[in-house]
Amino acid sequence: MKPHLKQWRQGMLCGVFAWGLLFVVIFLYFTDSSPATPAPSSFSFLETRRLLPAQGRQRAIMGASEGLPEGADSRQGSPQGLPPGLLQTWARDGFEREQEFLSAQTGRTSPNSHDAVLRFNSAPTRGYEKDVGNKTTIRIINSQILTNPSYHFMDSALYKDVILVAWDPAPYSANLNLWYKKPDYNLFTPYVQHRQRNPNQPFYILHPKFIWQLWDVIQENTKEKIQPNPPSSGFIGILLMMNLCGEVHVYEYVPSVRQTDLCHYHEPYHDAACTLGAYHPLLYEKLLVQRLNVGAHGDLHRKGKVVLPGLQAVRCPPGA
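Residues numbered from 1 in each chain as written. Predicted model: local features only at pLDDT ≥ 70, side-chain atom pairs only at ≥ 80, totals over all residues. Heavy atoms only, no water.

### A few points about the packing of aromatic side chains
Quick note on the threshold: Note on ring pairs: Phe, Tyr and Trp rings are taken, using the six-membered ring of Trp, and paired if centres are within 6.5 Å. Classes follow the plane angle, with under 30 degrees stacked, over 60 edge-to-face and the rest tilted. The numbering of helices and of strands both runs from the N terminus, where a helix is a DSSP run of H or I of at least 4 residues and a strand a run of E of at least 2. For every residue, the accessible area (1.4 Å probe, protein chains only) is compared with the maximum for its type, and the residue is labelled buried under 20%, exposed over 50%, or partly exposed between those bounds.
If you walk through the whole model with that rule in mind, you get nine aromatic pairs. With 5.2 Å between their ring centres and 75 degrees between their planes, tyrosine 128 and tyrosine 265 make a pair best called edge-to-face. Linking tyrosine 128 in the loop between β4 (117-120) and α4 (129-132) with tyrosine 265 in the loop between β9 (262-264) and β10 (267-270), this pair joins segments that are 137 residues apart in sequence. On the basis of relative accessible area, tyrosine 265 is assigned to the buried category, the value being 18%. Where tryptophan 179 meets phenylalanine 188, the ring centres are 5.1 Å apart and the plane angle is 70 degrees; that geometry is what we call edge-to-face. No difference in accessibility class separates tryptophan 179 from phenylalanine 188, as the two residues are buried. Following the ring pairs from residue to residue traces out a cluster consisting of Phe153, Tyr159, Tyr191 and Phe203.

Structure (C-alpha cells):
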C-alpha cells in the first residue's frame, strides 16, 4: 500500500504544480502592463476596438454665410427681438468661410469670427475667451438647466440675449399630453416664467418626437442594440444645425489626438463615461458623425474637425 500511496502523493504534487504554473502564465498574460503603441487617430482606434474612450468636448461652431438679419447684434450674435420665423431664414445659407480652430497651444482663431456659435447647456465663456471666444448665438439646454437652482436659469447672463432651445427626455412612446403632465423635469413652469420676463427673446422647446427620431437614426445605423435613452444635447444640437445650415463644422465632438478624459473645459471633472455614454448613446453618436464627415481626415486627426453637409444638401438615392 505504501508504494501506491507514494505514487498517489507524487501525482497530486505534479497536478498542483501544473495548475500553479498555468495560473501564473494566465496571470502574467492578463496583467501585462507594457504600454500599447498610440493609435494615429483616437477615434478610428475606438471604432475598431469599441472599448476605449474617444474624449471630446461637446462644442460646435456653426453659422450662416450671409450674415445676421436685421435686428440681430452682429458683435455678439444675439437676437434683438428676432421673430421666430427668421431663425430658419437667417441660418439657411450654411457655414461661413473656412476658419481654422486650433488648440490654445498652437494658436486659435476666435470662434467670434464665425457668423453663429452654438453652445451647450451651462458652458460658460467668461474666463475662457482665449479658447472658446465670447459669442453665443444659440444655446441648447436640457430640462435640468431650467429646473436645478444651481444653474440660476432665470438670472444668469448665460441664458440672456441668445436663442434658447430646451429639451426634455420624454418616454419613447409618450404623447404630448402625457409628457406635459409628467415631464422628466418640469421645464414648463420656468419656461413660462422666462417668456413672461423676456417676451422678445426667442425660446423654443423641442418636440419629444424629434428627440426619438434622432435615436431611431442612431439605432438604424448601429449594428449593436443600444439602450432606449435619448441622444445627448451635443448630437441634438448638431442635427438641429444641419437642418438649418447648408454646412456645419463641429470641433472636438469627435476627438483629435489631443483627447483627454476631461468632461468639460470649464470644470475639473474626469470621467470616461462623458465620452462613452453611461446614459446617452454617445459612442454611437460619435461613430455616426464620423461616418457623415466630408472633411479632410487630417483635420479630424489634428483638430477634431468634422464637416457635415446640411440636410438640404443631402440627396438620397431613389428607393432609399
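### What about the pairing of strand β11 (residues 305-309)?
The following threshold applies: Pairing between strands is defined by DSSP: at least two bridges between the two strands are required.
With four of its five residues buried, β11 lies for the most part within the structure. Across five bridges, the pairing between strand β8 (residues 247-251) and β11 is antiparallel. Paired with histidine 249 across the strands is valine 307, a residue of β11.

### Side note on the nonpolar core
Selection rule: Within this scheme, the nonpolar core is defined by two criteria: the residues are buried Ala, Val, Leu, Ile, Met, Phe, Trp, Tyr or Cys, and they are joined through side-chain atoms within 4.5 Å.
Core analysis: the biggest nonpolar cluster contains 32 residues, and Ile140, Phe235 and Leu308 have the highest contact counts within it. Residue assignment for this core shows that the elements contributing at least two residues are β4, β5 (138-142), β6 (163-167), α8 (208-220), α9 (233-244), β8, α11 (282-292) and β11. Here this core gets eight residues from one element, more than from any other, and that element is α9. The next biggest cluster of nonpolar side chains, apart from the first, holds 15 residues, and it includes Leu146, Ala170, Trp179 and Tyr191.

### Focus: helix α7 (residues 188-197)
What counts, and what does not: For this quantity, the arc is that covered by the directions from the helix axis to the C-beta atoms. When checking whether two residues touch, look at their non-hydrogen atoms; a contact exists if any pair is within 4.5 Å.
Of the positions making up α7, those classed as buried are Phe188, Pro190, Tyr191 and His194. What you see down the axis of α7 is that its buried residues fit within an arc of 160 degrees, all on one side. For α7, the exposed residues set more than 90 degrees away from the buried face come down to Gln196 and Arg197. The elements touched by buried residues of α7 are α5 (143-147), β6, α6 (176-181) and β7 (203-205).

### Things to note about unusual backbone geometry
Although it is not a glycine, asparagine 121 adopts a positive phi angle of roughly 50 degrees. Position of asparagine 121 among the secondary structure elements: in the loop between β4 and α4. Even without being a glycine, histidine 152 presents a positive backbone phi close to 50 degrees. Checked against the element boundaries, histidine 152 lands in the loop between α5 and β6.

### Re the side chain of asparagine 293
Going by this rule: Think of a polar contact as two N or O atoms within 3.5 Å of one another; within protein, one of them needs to be a possible hydrogen donor and the other a possible acceptor, and neighboring residues in sequence only count if both atoms come from side chains.
Structurally, asparagine 293 can be placed in the loop between α11 and α12 (297-303). Of note is the side chain of asparagine 293, whose polar atom sits 2.9 Å from the backbone nitrogen of glycine 295. Setting aside anything within four residues of it in sequence, one finds asparagine 293 in contact with Leu300, Lys305, Val306, Val307 and Leu308.

### Describing the environment of aspartate 184
Assignment of secondary structure puts aspartate 184 in the loop between α6 and α7. When its relative accessible area of 45% is taken as the criterion, aspartate 184 is described as partly exposed. Residues aspartate 184 and glutamine 144, spaced 40 residues apart in sequence, show a C-alpha to C-alpha distance of 8.9 Å. In this structure aspartate 184 touches Asp168 and Pro169, once residues within four positions along its chain are discounted.

### Regarding the side chain of threonine 125
Within the secondary structure, threonine 125 sits in the loop between β4 and α4. For threonine 125, a relative accessible area of 12% puts it in the buried group. With residues up to four places along the chain from it excluded, the contact list for threonine 125 reads Arg119, Val132, Gly133, Asn134 and Thr136.

### Section: the environment of tyrosine 251
Relative to the helices and strands, tyrosine 251 resides in strand β8. Judged by its relative accessible area of 0%, tyrosine 251 falls in the buried class. Distance from tyrosine 251 to valine 307, taken between C-alpha atoms, is 9.0 Å for residues 56 residues apart in sequence.

Note that all results are geometric; they support no functional claim without further evidence.
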